[in-house]
Amino acid sequence: CLPFLGPDLLRGTLKVAGPLALLGWTSAIVQYTVFGPITGNRTGSYGAYDAGLVHWGTLWCLRGAVLVIPFYADLRAGMHVYYKRCLTFNFFARGRDVPMKDLGKHPYCPFLLVTGTSNDFQPPDDTDKISELSFSCLHFGGDETGYVQTPEYRTLGKCTAISGAGCLDAISLSMTDTLYLRFWLEVLNLTWGDYIIYDHFFGS
């Protein structure tokens, strides 16, 4: 459809289609569940109001949330896990990931320093929304975020994947003000990076 619509019209459609669809679906749900008991939802979406249907839908949404929430971090990091596995199987010896801590224990292994970016972190009096990070077998962090000791569970594959994801995520999430691009990346779960835990009391 690109030759008929043109790139500008296609981008303009994508800018408003997703947020409007989400807004419309949310409004229909609110109209049915909140105002349905008063109006009967005679002219709204999803037909006439049914209290049993609302109870059934709420119950199953709650059950689904209870099942999904413990695995939310893994589900959200689906693209990151896929990217990390691709890097590990293609570029690591025998396709095996290794902890960053083990790199400092081998006398013939050079001091490896992997760089990355932290998106949407802005210290007081700072103007940009991106911070540079460094990962090594000893510490990880940056001038703006601070440095902490590298935990035992942090692996080279994860640090490499975070470093490679800095290009896409930093440009799309922090270095541009394109709201619709951030919307689609979050809704479709297309971010390649992942959250990392800053435990200042690790090892103490």
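First, a word on scope: everything that follows refers to the structure included in this document. (Residues numbered from 1 in each chain as written. Predicted model: local features only at pLDDT ≥ 70, side-chain atom pairs only at ≥ 80, totals over all residues. Heavy atoms only, no water.)

1. Examining the nonpolar core
We apply this condition: We call a set of buried Ala, Val, Leu, Ile, Met, Phe, Trp, Tyr and Cys residues a nonpolar core when their side-chain atoms join them within 4.5 Å. Three exposure classes are used, based on accessible area relative to the maximum for each residue type with a 1.4 Å probe and protein chains only: buried under 20%, partly exposed in between, and exposed over 50%. The way it works is that DSSP assigns letters per residue, a run of H or I at least four long becomes a helix, a run of E at least two long becomes a strand, and they are numbered from the N terminus. The contact rule is simple, with two residues in contact once any of their heavy atoms fall within 4.5 Å.
By size, the foremost hydrophobic cluster in this structure holds 12 residues: Phe92, Met100, Leu103, Val114, Leu133, Phe135, Cys137, Phe140, Val148, Leu156, Cys159 and Ile162. If you tally residues by element for this core, the top one is helix α8 (residues 156-174), at three residues. In this structure Phe135 touches Met100, Leu112, Leu113, Val114, Gly116, Phe140, Cys159, Ile162 and Ile196, once residues within four positions along its chain are discounted.

2. What about the pairing of strand β3 (residues 139-142)?
As a general feature of sheets, a regular strand has side chains that alternate between the two faces. Operational definition: Should DSSP find at least two bridges between two strands, the strands are regarded as paired.
Sheet analysis places strand β2 (residues 130-135) next to β3, joined by two bridges and oriented antiparallel. Across the sheet, the residue bridging to Phe135 is Phe140, located in β3. Between the end of β2 and the start of β3, which pair antiparallel, lie three residues. Relative to strand β4 (residues 146-149), β3 runs antiparallel, the two sharing four bridges.

3. Some thoughts on the pattern of salt bridges
Pairing is possible between side chains that carry opposite charge, provided their charged atoms lie close to one another. What counts is decided by this rule: The salt bridge criterion pairs a side-chain nitrogen of Lys or Arg with a carboxyl oxygen of Asp or Glu, the two atoms within 4 Å.
Summed over the entire model, instances satisfying the criterion amount to one salt bridge. A salt bridge links Asp102 to Lys105, with the nearest nitrogen and oxygen atoms 3.6 Å apart.

4. Topic: the pairing of strand β1 (residues 114-119)
Side chains Val114, Gly116 and Ser118 of β1 all project onto a buried face; the interleaved residues Thr115, Thr117 and Asn119 project onto a face where none is buried. Strand direction decides the pairing type here: β1 and β2, joined by six bridges, are antiparallel. By the bridge assignment for β2, Asn119 is matched with Ile130.

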